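Coordinates in review
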Amino acid sequence: MLQKTTAPQTEAVPSEAVPHPEGVSNDEFRAALSRLAAGVVLVTAYDPDDGPKGADAGMTATSFMSVSLDPPLVVVSLRTGSRMDDLLDEQPMWAASMLSENQVQIAGRFSMKGRISDRLLFEDMSYRRGEVSGAPLIDGALTVLECRTEQRIVTGDHTLVVGRVLTAAVPGGSGDVGPLAYFRGKYRQLAQG
């Protein structure tokens, strides 16, 4: 038998704290959505036009999900005008490495503001180059995907990039290692149970 519960009462927010006509402030929205646990993915691409030999680019993403089985499609949300958004507007091939709980440092280095160049961030990392995309596939990740952009949808201050999955691999050696999660503004590990 289901028990009926009453939703907790919330305090009204003064109208001057609401910058959007629809009623929710940026801070309220961030606080509410920070309670949604998300997997952590490193999105990577190879930029053939960056320097004489080209260069790799990477970005930590927590807004990543599958959208279709047939055809196999995923979507990642990128801040419009970011380095990765601009690159994937030009370069249709990219990759996604789903990070393990042991890869907090990788997630952190590719998400920090004012970070050093991507070339230096990849310098001491272990990865292999995707055969289809040419993008870095991170060693130790739970799974790696190579994708081709099918569609770009600009919405609000982000661009949704829908990618067709061209290759998918579950590298050996990850054993019982769990996924890296992002919850309430911090990287977390899932409790084993």
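So, how was this worked out
- Numbers given to residues run from 1 along each chain, matching the order in which its sequence is written.
- Predicted model: local features are reported for residues with pLDDT of at least 70 only, side-chain atom pairs are reported and counted for 80 or more only, and whole-chain, interface and lining totals are derived from all residues.
- Side-chain metrics rest on all non-hydrogen atoms present in the structure, leaving aside hydrogens and water.
- Paired strands are those between which DSSP finds at least two bridges.
- Think of it this way: any DSSP run of H or I at least four residues long counts as a helix, any run of E at least two long counts as a strand, and we number them from the N terminus.
- Fitted lines through C-alpha atoms give the axes, limited to the stretch in contact for helices. The angle between two N-to-C directions lies from 0 to 180 degrees.
- Between two residues, a contact is recorded if the distance between any of their heavy atoms is within 4.5 Å.
- For every residue, the predictor states its confidence as a pLDDT score lying anywhere from 0 to 100.
- Working definition: with a 1.4 Å probe on protein chains only, accessible area under 20% of the residue-type maximum means buried, over 50% means exposed, and in between means partly exposed.
- Centre distance within 6.5 Å is the pairing criterion for rings of Phe, Tyr and Trp, where only the six-membered ring of Trp is used; planes under 30 degrees apart are then read as stacked, over 60 as edge-to-face, and the remainder as tilted.
- The residues that make up patches have over 30% relative accessible area and no salt bridge, and they are joined within 9 Å when like-charged or within 5 Å when they are Val, Leu, Ile, Met, Phe, Trp or Tyr.
- Accessible surface is estimated by sampling points in the Shrake-Rupley manner with a 1.4 Å probe; for residues, cover comes only from the protein chains shown.
- When a carboxyl oxygen of Asp or Glu lies within 4 Å of a side-chain nitrogen of Lys or Arg, that pair is called a salt bridge.

Looking at the sheet that holds strand β6 (residues 93-98)
Pairing is antiparallel in the open sheet, where seven strands are placed in the order β3-β2-β6-β9-β10-β5-β4. Looking at strand neighbours, the two that pair on one side only are β3 (55-61) and β4 (64-68), the edges of this open sheet. Strand-to-strand, the axes of this sheet are offset by a mean angle of 35°, without reference to chain direction. Note: strand β9 (residues 143-155) against strand β10 (residues 158-169), eleven bridges, orientation antiparallel. Bridge pairing links T155 to H158 in β10. Here helix α2 (residues 83-90) sits on the sheet and contacts β2 (41-47), β3, β5 (73-79), β6, β9 and β10; the angle it forms with β2, its principal contact strand, is near 50°.

Things to note about the confidence of the model for the protein chain
Of the residues in the protein chain, 84% have a pLDDT of 70 or more, and the chain-wide mean is 84. Across the protein chain, β6 holds the top mean pLDDT of 98, while helix α1 (residues 26-33) sits lowest at 79. Every residue in residues 1-16 scores below 50 in pLDDT, and together they form two contacts with partners more than four places removed in sequence or on other chains.

Brief notes about the sheet that holds strand β11 (residues 180-183)
Across the sheet, three strands lie side by side as β1-β11-β12; this open sheet has antiparallel pairing. The open sheet has two edge strands with one neighbour each: β1 (38-39) and β12 (186-189).

A look at the pairing of β6
Most of β6 sits inside the fold, with five of its six residues counted as buried. Looking at chain direction, β2 and β6 are connected through four bridges and run antiparallel. Bridge pairing in β6 places T44 opposite A95. Across six bridges, the pairing between β6 and β9 is antiparallel. Pairing of A96 across the sheet is with L145, part of β9.

With respect to the packing of aromatic side chains
The way to describe two aromatic rings as a pair is by their centre distance and the angle between their planes. Tallying each qualifying case throughout the model produces three aromatic pairs. Note on F110 and F122: the rings are 5.0 Å apart at their centroids and 55° apart in plane angle, and the pair reads as tilted. Here F110 is found in the loop between α3 (104-109) and α4 (118-123), whereas its partner F122 is found in helix α4, with twelve residues between them in sequence. By relative accessible area, which is 4% here, F122 ends up buried.

A closer look at a nonpolar patch on the surface
On the surface, a cluster of nonpolar side chains totalling about 380 Å² of accessible area is made up of V24, F29, L33 and L36. Looking at where F29 falls in the secondary structure, it is placed in helix α1.

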